[in-house]
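Residues per chain are reported as follows:
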Amino acid sequence: MAFTGDHVCSNFKQDLLAARMNFLSSGGNSFKMALYTNAATLDDTTTAYTTSGEHAATGTYVAGGKALTISGSMPSLTDDVAWIDFADLTWAASTITARGALIYNDTITTPVADPAVVVLDFGSDKSSSSGDFTVTFPAANSTDAVIRIT
Amino acid sequence: MVSIMVAPVGVATSSDGGHSLEFFAERIVARLIHVGDQAPPPIRDQAIAFRKQMFEVVLAGLKSAIESDRANRKGF
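Summary of the structure given here.

What counts as what
Residues numbered from 1 in each chain as written. Chains lettered and ligands numbered in written order. Predicted model: local features only at pLDDT ≥ 70, side-chain atom pairs only at ≥ 80, totals over all residues. Heavy atoms only, no water. Core = buried A, V, L, I, M, F, W, Y, C linked by side-chain atoms within 4.5 Å. Buried < 20%, exposed > 50% of the residue type's maximum accessible area, 1.4 Å probe, protein only. Helix = DSSP H or I, 4+ residues; strand = E, 2+ residues; numbered from the N terminus. Contact = heavy atoms within 4.5 Å. Buried area = accessible area lost by both parts, 1.4 Å probe. Salt bridge = Lys/Arg side-chain N within 4 Å of Asp/Glu carboxyl O. Polar contact = N/O pair within 3.5 Å; in protein donor to acceptor, adjacent residues only side chain to side chain. Nonpolar A, V, L, I, M, F, W, Y, C, P; charged D, E, K, R; others polar. Pairing = 2+ DSSP bridges.

1. Structural notes on the nonpolar core
Nonpolar side chains tend to gather and get buried jointly when the protein is soluble and globular.
Here comes step 1: In this structure, Met 33, Leu 35 and Phe 86 of chain A are the most contacted members of the largest nonpolar core, which totals 44 residues.
Here comes step 2: Among the secondary structure elements, those contributing two or more residues to this core are strand E2 (31-36), strand E5 (81-84), strand E6 (89-105) and strand E7 (116-136) of chain A.
Here comes step 3: With residues up to four places along the chain from it excluded, the contact list for Phe 86 of chain A reads Phe 23, Phe 31, Leu 68, Thr 69, Ile 70, Ser 71, Ile 103, Phe 137, Val 146 and Ile 147 of chain A together with Arg 31 of chain B.
Here comes step 4: Listed in part, the six residues of the second largest apolar core include Ala 25, Val 29, Val 58 and Leu 59 of chain B.

As structure tokens, this is what we get:
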């Protein structure tokens, strides 16, 4: 199975309404990004972090991925659009080949542990070799930010 | 109607070493200064020129920071 584009995970919508997601840059939940190969099956039906299809825990890549840093003053509201932004995330000195990623909430344990937020499709395999693997986030504004509620 | 949207992310990789200073300077400036596609041409041109200036400022700052860090490490 392959990646099929970027997806907002359906359970994330319910988690928002149930107040189980806190994106405050100070005092909010911890969010992580895990990297996956194209063997992963991730889409809007993904409910939580999974090790299935995740990049092997070798070198500097650790199972579960890395913690994301929520930019200051988040979440933000501009022109009736609420949006959230993360700092670019780098696996330094890494040898990684990944096709996509999952952002998930690493704080929540019930009703589902590590609930999924969004699936990110890199479009093709991206590889680092004894170098840096950096996921770069779009501009932090109401029209480009990675997660927006309009 | 309320919609939740996710925007595409980018990936930058390197081999046999890390990213260049120019990469980090470009990323910093891109995150700080966004030039909209729909902006009126005079404003857009001005913003692009400003972004180029800021790129040089940030790049110079990064170089200074690295030189300073190397100097500090020599002290250990």
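2. A short note on the interface of chain A and chain B
Here comes step 1: Of the residues lining the interface, 36 residues belong to chain A; the matching set on chain B comes to 25 residues.
Here comes step 2: Carbon and sulfur atoms supply 54% of the area that chain A and chain B bury against each other, a total of about 2,500 Å² over both sides.
Here comes step 3: The tally of links between chain A and chain B comes to two salt bridges.
Here comes step 4: Where Arg 31 of chain B meets Asp 85 of chain A, a salt bridge forms, and the shortest distance between an N and an O atom there is 2.7 Å.
Here comes step 5: Summed over the shared surface of chain A and chain B, the number is 20 residue pairs in polar contact (both at pLDDT 80 or more).
Here comes step 6: For the side of chain A that touches chain B, the elements supplying multiple residues, two or more each, are strand E1 (7-8), helix H1 (10-17), E7 and strand E8 (147-149) of chain A.
Here comes step 7: Of the residues forming the side of chain A that touches chain B, the biggest block, 14 residues, is contributed by E7 of chain A.
Here comes step 8: Looking at the side of chain A that touches chain B residue by residue, the classes come out as 17 nonpolar, 11 polar and eight charged.

3. Observations concerning unusual backbone geometry
Residue and element names in this part refer to chain A.
Here comes step 1: Of note, the bond from Met 74 into Pro 75 is cis; its omega dihedral lies within 30 degrees of zero at -5 degrees.
Here comes step 2: In this structure, Pro 75 sits in the loop between strand E3 (66-67) and strand E4 (76-78).
Here comes step 3: Here the residue pair Thr 110 and Pro 111 is connected by a cis peptide bond, since its omega of -5 degrees sits within 30 degrees of zero.
Here comes step 4: With respect to the helices and strands, Pro 111 occurs in the loop between E6 and E7.
Here comes step 5: Positive phi is not limited to glycine here, since Ala 19 has a value of about 60 degrees.
Here comes step 6: Here Ala 19 lies in the loop between H1 and E2.
Here comes step 7: Take Ala 19: its relative accessible area is 65%, and that puts it in the exposed class.

4. Quick word on the pairing of E2 of chain A
All names here are of chain A.
Here comes step 1: Counting buried residues in E2 gives five out of six residues, a clear majority hidden from the surface.
Here comes step 2: Relative to E6, E2 runs antiparallel, the two sharing six bridges. Bridged to Leu 35 within E6 is Ala 101.
Here comes step 3: The pairing of E2 with E3 spans two bridges and is antiparallel. When the sheet's bridge partners are listed, Met 33 is paired in E3 with Lys 66.

5. What about the side chain of Asn 141 of chain A?
Here comes step 1: By secondary structure assignment, the location of Asn 141 of chain A is in the loop between E7 and E8.
Here comes step 2: Residue Asn 141 of chain A is classed as buried on the basis of its relative accessible area of 15%.
Here comes step 3: For Asn 141 of chain A, the side chain forms a polar contact with the side chain of Thr 143 of chain A, separated by 2.9 Å.
Here comes step 4: From its side chain, Asn 141 of chain A meets the backbone nitrogen of Asp 144 of chain A in a polar contact 2.8 Å long.
Here comes step 5: In this structure, Asn 141 of chain A is in contact with Trp 83 and Arg 148 of chain A together with His 34 of chain B, ignoring residues within four places of it in sequence.

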